[in-house]
Amino acid sequence: DSGVTQTPKHLITATGQRVTLRCSPRSGDLSVYWYQQSLDQGLQFLIQYYNGEERAKGNILERFSAQQFPDLHSELNLSSLELGDSALYFCASSRGGLTDTQYFGPGTRLTVL
Amino acid sequence: TQLLEQSPQFLSIQEGENLTVYCNSSSVFSSLQWYRQEPGEGPVLLVTVVTGGEVKKLKRLTFQFGDARKDSSLHITAAQPGDTGLYLCAIRSNQFYFGTGTSLTVIP
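Residues numbered from 1 in each chain as written. Chains lettered and ligands numbered in written order. Predicted model: local features only at pLDDT ≥ 70, side-chain atom pairs only at ≥ 80, totals over all residues. Heavy atoms only, no water.

Visitor: Describe the interface of chain A and chain B, and please don't skip the residues or the numbers.
Guide: Reports often express the size of an interface as the amount of accessible area lost when the parts come together. Each partner contributes to the interface: chain A provides 20 residues, whereas chain B provides 16 residues. For the interface between chain A and chain B, the tally reads 1 residue pair in polar contact (both at pLDDT 80 or more). Listed by contribution, the elements that provide at least two residues to the side of chain A that touches chain B are β4 (31-38), β5 (42-50) and β6 (53-57) of chain A. (Contact = heavy atoms within 4.5 Å. Polar contact = N/O pair within 3.5 Å; in protein donor to acceptor, adjacent residues only side chain to side chain. Helix = DSSP H or I, 4+ residues; strand = E, 2+ residues; numbered from the N terminus.)

The following block contains the structure:
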């Protein structure tokens, strides 16, 4: 158990819909990272937040957005869902910046039908 | 185009055998990480290598960073079924990049 929690574990929805994935970092961690893992693209970095502020941005689509709240939990919002958005979405947390060890959560499996 | 190419993509071996997996790029990195991901779980960091030519050992796992800091290898001695998983290399620059992965199956 990494100490990072993600909800829900599974999510099934339809194209065009909007979903919210939630992540609670390890106690004391200020950074939260979001990743997407699919069979064809592998593990792709989406975005990082540090203490509520966006710190780094990767291959995140404009239909996707994220935020980190004052209590340090984070949410990833996916809208106008497409079949190709079906994937595992991982959250990770670390103490601080890019040089810290990241601890990954168990992931949310999103299926878009 | 992938920044980090891993080979082989799939590997199935018998328990007790040795194996090596590779992570290659045309770019130079200041450091490189190796992760293992088991089915249904997130990746877990195994090691970070930072110096060209560096060799790190973690029990039966030996990690090497290339002299030019453009490639890395992971060697497993006497593989066990518990080594089964997806092995990912990763680098961090302004963001994080993960390799294509090697899926290892160790058959008892």
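And the narrative resumes.
Visitor: An account of the environment of A:P8 is needed here, citing residue identities and associated values.
Guide: Residues and elements named next belong to chain A. Mapped onto the elements of the fold, P8 is located in the loop between β1 (5-7) and β2 (10-13). With a relative accessible area of 27%, P8 lands in the partly exposed category. For the pair P8 and A92, spaced 84 residues apart in the sequence, the C-alpha separation amounts to 15 Å. Ignoring any residue separated from it by four or fewer positions in sequence, one finds P8 in contact with T20, L21, G107 and T108. (Buried < 20%, exposed > 50% of the residue type's maximum accessible area, 1.4 Å probe, protein only.)

Visitor: Give me the lowdown on the side chain of A:T13, citing residues and values where you can.
Guide: With respect to the helices, strands and loops of the structure, A:T13 is situated in strand β2. Leave out the neighbours within four places in its chain, and A:T13 touches A:V19, A:L81, A:L110, A:T111, A:V112 and A:L113.

Visitor: Give a description of the packing of aromatic side chains that names residues and reports values.
Guide: For the structure on display, the rule yields 11 aromatic pairs over all chains. A ring pair is formed by A:F64 and A:Y89, whose centres lie 6.4 Å apart and whose planes are at 70 degrees; its orientation type is edge-to-face. Placement of A:F64 in strand β7 (residues 64-68) and of A:Y89 in strand β9 (residues 87-94) is noted, with a sequence separation of 25 residues between them. Considered together, A:F64 and A:Y89 belong to a single accessibility category, that of buried residues. Counting every residue linked through ring pairs, the aromatic cluster contains A:Y33, A:Y35, A:F45, A:F90, A:F104, B:Y35, B:F96 and B:F98. (Phe/Tyr/Trp six-rings, centres within 6.5 Å; stacked < 30°, edge-to-face > 60°.)

Visitor: Tell me about the state of the cysteines, residues and numbers included.
Guide: Throughout the structure, instances matching the rule amount to 2 disulfides over all chains. Paired by a disulfide, A:C23 and A:C91 hold their sulfur atoms 1.8 Å apart. Disulfide A:C23-A:C91: the torsion about the S-S bond is -50 degrees, which places it as left-handed. Here A:C91 lies in strand β9 and A:C23 lies in strand β3 (residues 19-24), a separation of 68 residues in the sequence. Across the pair, A:C91 and A:C23 agree in class, each one buried. One disulfide bridge connects B:C23 with B:C89, the sulfur atoms lying 2.1 Å from each other. Note on the B:C23 and B:C89 pair: the S-S dihedral is about 75 degrees, so by sign convention the disulfide is right-handed. In this pair, B:C23 is assigned in strand β3 (residues 19-24) and B:C89 in strand β9 (residues 85-92), connecting sequence segments 66 residues apart. Of the two residues examined, B:C23 and B:C89, each falls in the buried class. (Disulfide = S-S within 2.5 Å.)

Visitor: Could you give me a rundown of the environment of B:L19, with the residues and numbers involved?
Guide: Residue and element names in this part refer to chain B. Tracing the sequence through the fold places L19 in strand β3. Remark: the alpha-carbon pair of L19 and A78, spanning 59 residues in sequence, is separated by 8.3 Å. With residues near it in sequence (within four places) discarded, L19 still touches L11, I13, L74, H75, I76, A79 and L104.

Visitor: Outline the pattern of salt bridges, listing residues and values.
Guide: Any two side chains of opposite charge can pair, given that their charged atoms come close. Residue and element names in this part refer to chain A. Going through the model one piece at a time under the given rule, you end up with 8 salt bridges over all chains. Here R22 ties to E75 by a salt bridge, and the two come within 4.0 Å at their closest N and O atoms. Taken as a pair, R22 in strand β3 and E75 in strand β8 (residues 74-78) lie far apart in primary sequence, 53 residues in all. On the accessibility criterion, R22 (33% relative accessible area) is partly exposed. Of the charged contacts in the structure, one is a salt bridge between E82 and R63, with a shortest N-O distance of 3.7 Å. (Salt bridge = Lys/Arg side-chain N within 4 Å of Asp/Glu carboxyl O.)

Visitor: Mind laying out the sheet that holds strand β8 (residues 71-76) of chain B, listing which residues take part and the relevant values?
Guide: Residue and element names in this part refer to chain B. The strand order β1-β3-β8-β7-β6 describes an open sheet built from 5 strands, whose pairing is antiparallel. Lying at the two open borders of the sheet, with one neighbouring strand each, are β1 (5-7) and β6 (55-58). For this sheet the average axis-to-axis angle between neighbouring strands, irrespective of direction, equals 15 degrees. Taken together, the 5 bridges between strand β7 (residues 61-65) and β8 define a ladder with antiparallel strand orientation. When the sheet's bridge partners are listed, F63 is paired in β8 with L74. (Pairing = 2+ DSSP bridges. Axes fitted to C-alpha atoms, helices over the stretch in contact; angles between N-to-C directions.)

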